[in-house]
Structure formats: C-alpha cells, structure tokens
Amino acid sequence: MNSLIRSTARCLRSGAAVYPPRQADGRVWSASARFLCASAGLQKDLGQMVKKDKVVVFMKGTPAQPMCGFSNAVVQILRMHGVDDYAAYNVLEDSELREGVKTFSNWPTIPQVYFSGEFVGGCDILLQMHQNGDLVEELKKLGISSALLEAEKESK
C-alpha cells in the first residue's frame, strides 16, 4: 500500500488531475497507480501535441473520413476557410486518448479544436465563430488567411 501512495503522490505532483478508477463497490482498482502515472504522461503528451501545430483537432475519424457529424462539421468549416494543414488525431483509435483529451481540456465532448496550444472549443463553438466572423480573425492571428475572406475580396 505504501508504494501505491508514493506512486500516486509522485504522479499527482507531476500534474495529473485524474481520479483513480473505482469498482462498483467503491474499492480502488489495484492498477490505479499505473493508471495515474499513465494519465500524467498522457496529459504532458497532450500539452505537447496541441502546441506542435497551429491548428489541432481531436476528432472521431480522420479529415478524409470523419466518423461523426460533429467531426465532419469541423472538417468542413476548416475546409471552407482553406485550412487544410492541421494536425488531426482520431480518438476512436485510442480510448485512452479519447478520455485523456476530455480531461486535459475539461470539455466533455469530441471534436476538440486547438489554436496554437489554446483550447478553442468543439463543433458548436467553431460553428458560432464561423457564423459571426470571429474565426477569420482567429485564423489571422495564426498567420492563416481565410479562403472565405480572400473570396470576398475577389468578388468586389
């Protein structure tokens, strides 16, 4: 039990904000310390993943083949703005990634969109930004010129 407590404390000091998994009767699974350590490592990895590219999307499926309507909507919105160069991670391939990104962002749903390491939101937020013009401004901050803005300039 001492090693479990030491392992858990070490993982929590490293920044993990994950509670140990419990059985139905409230007992902690014996692998909880390993789970916490793996979660701490995943949270650190996620922090690096979202900063690696200007635009990062955690989605169900891939941009070429989205596996849910919300992920498809995010891909289509980005495509309309001419954003084709972004990192996309398929959370259906890795359940630990799927749950880890929800913990990392404190956002319960997928897809999740990040701009320069900052959490933007999910499909609904990106759609709202697209509709009210904020997405054009946010992309501009990233050094990305929206294709919609360019098309509007050409039509005038």
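Residues numbered from 1 in each chain as written. Predicted model: local features only at pLDDT ≥ 70, side-chain atom pairs only at ≥ 80, totals over all residues. Heavy atoms only, no water.

In the nomenclature of an unreviewed UniProt entry, the chain corresponds to Glutaredoxin-related protein 5, mitochondrial from the organism Perca flavescens.

A. Quick peek at the packing of aromatic side chains. A full pass over the atoms with the stated rule returns five aromatic pairs. With a centroid separation of 5.2 Å and 20° between ring planes, the pair formed by F58 and Y89 is classed as stacked. Here Y89 lies in strand β2 (residues 87–90) and F58 lies in strand β1 (residues 55–59), a separation of 31 residues in the sequence. You can call Y89 buried: its relative accessible area is 18%. Three or more aromatic residues joined by ring pairs form one cluster here, namely F58, Y89, F104, W107, Y114 and F119. (Phe/Tyr/Trp six-rings, centres within 6.5 Å; stacked < 30°, edge-to-face > 60°. Helix = DSSP H or I, 4+ residues; strand = E, 2+ residues; numbered from the N terminus. Buried < 20%, exposed > 50% of the residue type's maximum accessible area, 1.4 Å probe, protein only.)

B. Structural view of the sheet that holds strand β3 (residues 112–115). Strand order in the open sheet formed by four strands is β2-β1-β3-β4, and the pairing between neighbours is mixed. One side of each edge strand has no neighbouring strand; the edge strands of this open sheet are β2 and β4 (118–121). Recorded for the sheet is a direction-independent mean angle of 25° between the axes of neighbouring strands. Its contacts with the sheet put helix α4 (residues 95–105) on β1, β2, β3 and β4, and the angle it makes with β3 is roughly 55°. (Pairing = 2+ DSSP bridges. Axes fitted to C-alpha atoms, helices over the stretch in contact; angles between N-to-C directions. Contact = heavy atoms within 4.5 Å.)

C. Just the pairing of β4, in detail. Where β3 meets β4, three bridges bridge the pair, whose relative direction is antiparallel. Bridging from a neighbouring strand, Y114 pairs with F119 of β4. Between β3 and β4, which follow one another and run antiparallel, lie two residues, and S116 among them has a positive phi close to 45°.

D. Examining the pattern of salt bridges more closely. Applying the stated rule across the entire model yields three salt bridges. K102 is the partner of E99 in a salt bridge, and the nearest nitrogen-oxygen pair spans 3.6 Å. Taken together, the residues span about one helical turn, with E99 and K102 both in helix α4 at a distance of three residues. By relative accessible area, which is 24% here, K102 ends up partly exposed. In this structure, K140 engages E137 in a salt bridge whose closest nitrogen and oxygen atoms are separated by 3.9 Å. A residue pair is termed a helical-turn pair when its members lie 3 or 4 positions apart in one helix, as K140 and E137 do in helix α6 (residues 134–141) at three residues. The partly exposed category is assigned to E137, whose relative accessible area is 40%. (Salt bridge = Lys/Arg side-chain N within 4 Å of Asp/Glu carboxyl O.)

E. Layout of the packing of helix α3 (residues 69–80) against helix α5 (residues 123–132). In contact at an axis separation of 9 Å, α3 and α5 are set at 30° when each is read in the N-to-C sense. For the element pair α3 / α5, the angle class is roughly parallel. Taken as a pair, α3 and α5 cross one another with a handedness that is left-handed. Where α3 abuts α5, its residues F70, A73, V74, I77, L78 and M80 lie against C123, L126, L127 and H130. Classifying every residue of the contact of α3 with α5 by side-chain character gives nine nonpolar, one polar and no charged. (Parallel < 35°, antiparallel > 145°, perpendicular 65-115°, else oblique. Left-handed = near helix turned anticlockwise from the far one by under 90°. Nonpolar A, V, L, I, M, F, W, Y, C, P; charged D, E, K, R; others polar.)

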